[in-house]
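# Examining the three-dimensional arrangement
Take a look at the letters that make up each chain.
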Amino acid sequence: MDSIADQQTERRFNLAYITLFFILFLVAPSYYQDNPGGTGLFLPFNNIIWIVVCFVLGLALLKILHKGVLILPGMSKSMLFFLITTTVLGLTNSVATPVDWLFRSLAIWGGVLFFFAVAQFQLNRYWQESLLYIIATSAAVQSTYGLIQILANPLPTWLPQTSGAAVGIFQQANLSASYAATGLLVAVYLFTVPSAKLRSWIEKSLLLLAIGLCTSTITTTGSRVALISVLVGILIILACRHKQIRNDFKIFVAIITVILTSAFFSSMLETSTGGLQAGFKKFNTMVDGSGMPDKTGQPSLGSVRYMIYDSTIDLFLEKPFFGHGIGQFERVWHNKKIDYTKQHPDAEVMAVRLGHPHNELLYWAVEGGLIALSGILAIIGTFLWCCRKLGWKRGGAYVAMTFPITLHTQLELPFYISQLHWILFIFLVAIVANHRSRSIKIGISSSLRGLGLATALAFPLMGSIFFTHCLLSLHSTIQFLFHKNRDVKILELASHNLYFNQKVSLIQMQLVLQYGLQENDHGLLLKYETMAKEYLKFTPDTAVFRGLILALHRMERFDESHQVLHRLVSMYPTTKNVLELQSQIMQLDKNLGIFDKFWKLEPVPNPN
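These remarks concern the structure in this document. (Residues numbered from 1 in each chain as written. Predicted model: local features only at pLDDT ≥ 70, side-chain atom pairs only at ≥ 80, totals over all residues. Heavy atoms only, no water.)

## Notes on the state of the cysteines
This structure, assessed with the given rule, holds zero disulfides. For C54, which is in no disulfide, the shortest distance to another cysteine sulfur is to C470 and amounts to 11 Å. Since its relative accessible area comes to 11%, C54 is described here as buried. In this model C240 remains outside any disulfide bridge; the closest cysteine sulfur is found in C387, 9.7 Å from its own. (Disulfide = S-S within 2.5 Å. Buried < 20%, exposed > 50% of the residue type's maximum accessible area, 1.4 Å probe, protein only.)

Quick look at the structure:
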């Protein structure tokens, strides 16, 4: 038996872990500062999430060193296999941009290490379920932010500024909705566990409040992902936990009443996303394939999804084993898009740039082939096997709780926008895996212990330094882009940040172009040409294309300019700013008297 001192130390470690878990899901996701949007570390809350995760990793390593015991959860082999396959593919296969691959790989490593870190804290069932209470509360907090974003005018400065949409801290409606759906299903599950009878009326009321608030987010966003996943998830929980529900049928009635009441009142709120009515229209679009135009007049994503998936499958079949290379999707898909639209002239065309096929399996299939897919499928298979070993009553409930985010990954790219979704998903998987964990005693020499302690301290220290630097770099970038201070020196901090350096380089490219065109400086225009061609090898950005076309045209290299313009129009045949550029070049050619050389006497599509 463990001594009293060992038990006290164990309690201290567990208390520290629970405190960090509380900060991770309730404090970190509330951080906001002005940002340009996008993915990854360009969204400020993701930086705070990783800082806290680094502390969890350091704490787990300290516990391993203290006890000399490593706890391996049940899915360890499949997780390590996935980690090895994705890492080796990045090291051996062609990589588009090393920095992008590095941070994508680090996010995967961080998630897998978090999976093993969670296993080191063997809480009893009551406290494990208490962590799920934190998850449900976290979803309720984000849903509260969403209601504020709909009802408040003006919005408080500590929230993302949005026009009447419940996006929470995520700045995207479907992310907010899938997070709310997960929280709702977690709350429903917690009413069916044995410890529910031991919980106070305050805790039960908190769960009902979370269910109501999460329902409001799902209703006001009209998210198909959330609507489908909640419906399917509740049906699974009803099937798996029907005995527990029958034993306390009043609670089940209360849950349904809260959901229906919240949905009824939330449907009356005016939102920019259209609410339930827009959600049902999207369902009709999904079923009959007819494209409902969005507010810009462009086809909605639902109407082009088939084109995206079909062309992506073609890309996979071209290189099915090792794929086209990590980070290569954007380049190869836009090249494929040119041929695909010629072969399928009736297909809806994606107007904007596409960096992800809105399906995680297809994404890895194109970039990593069957090798990458085998790692993902190994995780899916072992997760379902572990759920089956738990029995359908508990295992089925775990499947239900992971369903919203799982479904979301097959329709969008949640893990690249919100690291909170990634960490939450890993935690829910870890809960299942920890039911079949085993302990391994490890001998630790004094030198290894010293190295381990240094590493345990380095995780939170280096993580805090780097991600704080990212936040400062983000601030300086925003100061330059959106504020009156246009002194290029303000970008110096961001230029020394590995993650933000590419963004700064892009800004500098545009400044070179701007001054080159203003001063008719061919030296600057040649410099822009070199930078733009290198950038466009992997990122078919319409703004960079535009700059290159204008630079070549100004240098009177008209043939090259029109070659690039032809490729751009072939790649983005329905994009408004591309068609406007085409009209602009036509007018310039008329002014220079070279119109007949490059243009047929056919009407140009109206960009409006």
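## Structural notes on unusual backbone geometry
The peptide bond linking N153 to P154 adopts the cis configuration, its omega dihedral lying at 5°. For P154, the location among the structural elements is in the loop between α5 (125-151) and α6 (173-190). (Helix = DSSP H or I, 4+ residues; strand = E, 2+ residues; numbered from the N terminus.)

## With respect to helix α13 (residues 329-343)
For α13, spanning 15 residues, the distance from its first C-alpha to its last is 20 Å, which sits close to the expected 21 Å at 1.5 Å a residue. The largest bend in α13 amounts to roughly 25° and is located at K337. The set of residues buried in α13 consists of F329, E330, V332, W333, H334, K336, K337, I338, Y340 and T341. (Expected span 1.5 Å × (residues − 1). Bend = angle between axes of the 7 residues up to and from the residue.)

## A few points about the packing of aromatic side chains
Any pair of aromatic rings gets described here by the distance separating the centres and the angle formed by the planes. Inspection of every chain in the model, using the stated rule, returns 25 aromatic pairs. Between F45 and F170, the aromatic rings sit 5.7 Å apart at their centres with planes inclined by 80°, giving edge-to-face as the arrangement. Taken together, the residues span a long stretch of sequence, with F45 in helix α2 (residues 44-67) and F170 in the loop between α5 and α6 at a distance of 125 residues. Comparing F45 with F170 shows no difference in burial state: the two are buried. A centroid spacing of 6.4 Å and a plane angle of 20° characterise the contact between F329 and W333, whose relative ring orientation is stacked. Taken together, the residues F329 and W333, both in helix α13 and four residues apart, mark about one turn of the helix. Like W333, F329 is buried. A connected cluster of aromatic rings, assembled from ring pairs, spans F42, F103, F466, F467, Y499 and F500. Sitting over the face of the ring of W364, R104 holds its NZ or CZ atom 4.4 Å from the ring centroid. Across the ring face of Y126, the terminal group of R199 is positioned such that the distance to the ring centre comes to 3.8 Å. (Phe/Tyr/Trp six-rings, centres within 6.5 Å; stacked < 30°, edge-to-face > 60°. Lys NZ or Arg CZ within 6 Å of the ring centre and 35° of its normal.)

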